[in-house]
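Commentary on secondary and tertiary structure
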Amino acid sequence: MAQGLQCWDAAGRLVVDLNDYNIRYMGSVNLSITAGQTAWSVAFTGMKSTGWLAILRTNQYWNNFYCIPGNNAFTVQYLPTTGTYAQTLTFDVYKYDV
């Protein structure tokens, strides 16, 4: 059940309305990358561009990756423009609702 905070002033006007987010684990996915690449698209059925997160769980070297959610996939970007190492990354995927 969602929780939140609502406050009214003396005149009965709503002045604060903070919702809570419910987040649900949707699964994990592995991505095998080769040296030299800087961007990858990872399929994940049902994913949307809003209300979803993909978070890097493990990597072998440094955490220089970020994820951009999309429809039925997410994009993984390597922050530097060169220098990736061949490795397998594991991402956890979550869905949240307001």
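All values derive from a computational prediction rather than experimental measurement. (Residues numbered from 1 in each chain as written. Predicted model: local features only at pLDDT ≥ 70, side-chain atom pairs only at ≥ 80, totals over all residues. Heavy atoms only, no water.)

**Notes on the packing of aromatic side chains**
If you walk through the whole model with that rule in mind, you get five aromatic pairs. Here Phe 65 and Tyr 78 contribute two aromatic rings whose centre-to-centre distance is 5.0 Å and whose plane-to-plane angle is 50°, an arrangement assigned as tilted. In this pair, Phe 65 sits in strand β6 (residues 65–69) while Tyr 78 sits in strand β7 (residues 73–78), placing the two residues 13 residues apart along the sequence. Overall, Phe 65 belongs to the buried group, its relative accessible area being 8%. Using a relative accessible area of 10% as the deciding quantity, one classes Tyr 78 as buried. Summarising the aromatic geometry, the rings of Phe 74 and Phe 91 are spaced 5.5 Å apart at their centres and angled 70° between planes, so their arrangement reads as edge-to-face. (Phe/Tyr/Trp six-rings, centres within 6.5 Å; stacked < 30°, edge-to-face > 60°. Helix = DSSP H or I, 4+ residues; strand = E, 2+ residues; numbered from the N terminus. Buried < 20%, exposed > 50% of the residue type's maximum accessible area, 1.4 Å probe, protein only.)

**Considering the environment of Leu 18**
Here Leu 18 shows up in strand β2 (residues 14–19). Along the backbone, Leu 18 and Phe 91 are 73 residues apart, and their C-alpha atoms lie at a distance of 29 Å.

**Quick look at the sheet that holds strand β8 (residues 87–97)**
Taken together, three strands build an open sheet; the order of strands is β3-β8-β5 and the sheet is antiparallel. Each having just a single partner strand, β3 (22–33) and β5 (52–58) make up the two edges of the open sheet. Strand-to-strand twist across the sheet, computed as the mean angle between neighbouring axes with direction ignored, equals 25°. Pairing between β5 and β8: six bridges, direction antiparallel. Across the sheet, Leu 53 pairs through a bridge with Tyr 94, a residue of β8. (Pairing = 2+ DSSP bridges. Axes fitted to C-alpha atoms, helices over the stretch in contact; angles between N-to-C directions.)

**Comments concerning a nonpolar patch on the surface**
A contiguous nonpolar patch, built from Ile 23, Leu 53 and Ile 55 and spanning about 250 Å² of accessible area, is present on the exposed surface. Here Leu 53 lies in strand β5. What makes Leu 53 partly exposed here is its relative accessible area of 34%. (Patch = residues over 30% accessible without salt bridge, like charges linked within 9 Å, V, L, I, M, F, W, Y side chains within 5 Å. Areas by Shrake-Rupley, 256 points an atom, 1.4 Å probe, with all protein chains shown as cover. Salt bridge = Lys/Arg side-chain N within 4 Å of Asp/Glu carboxyl O.)

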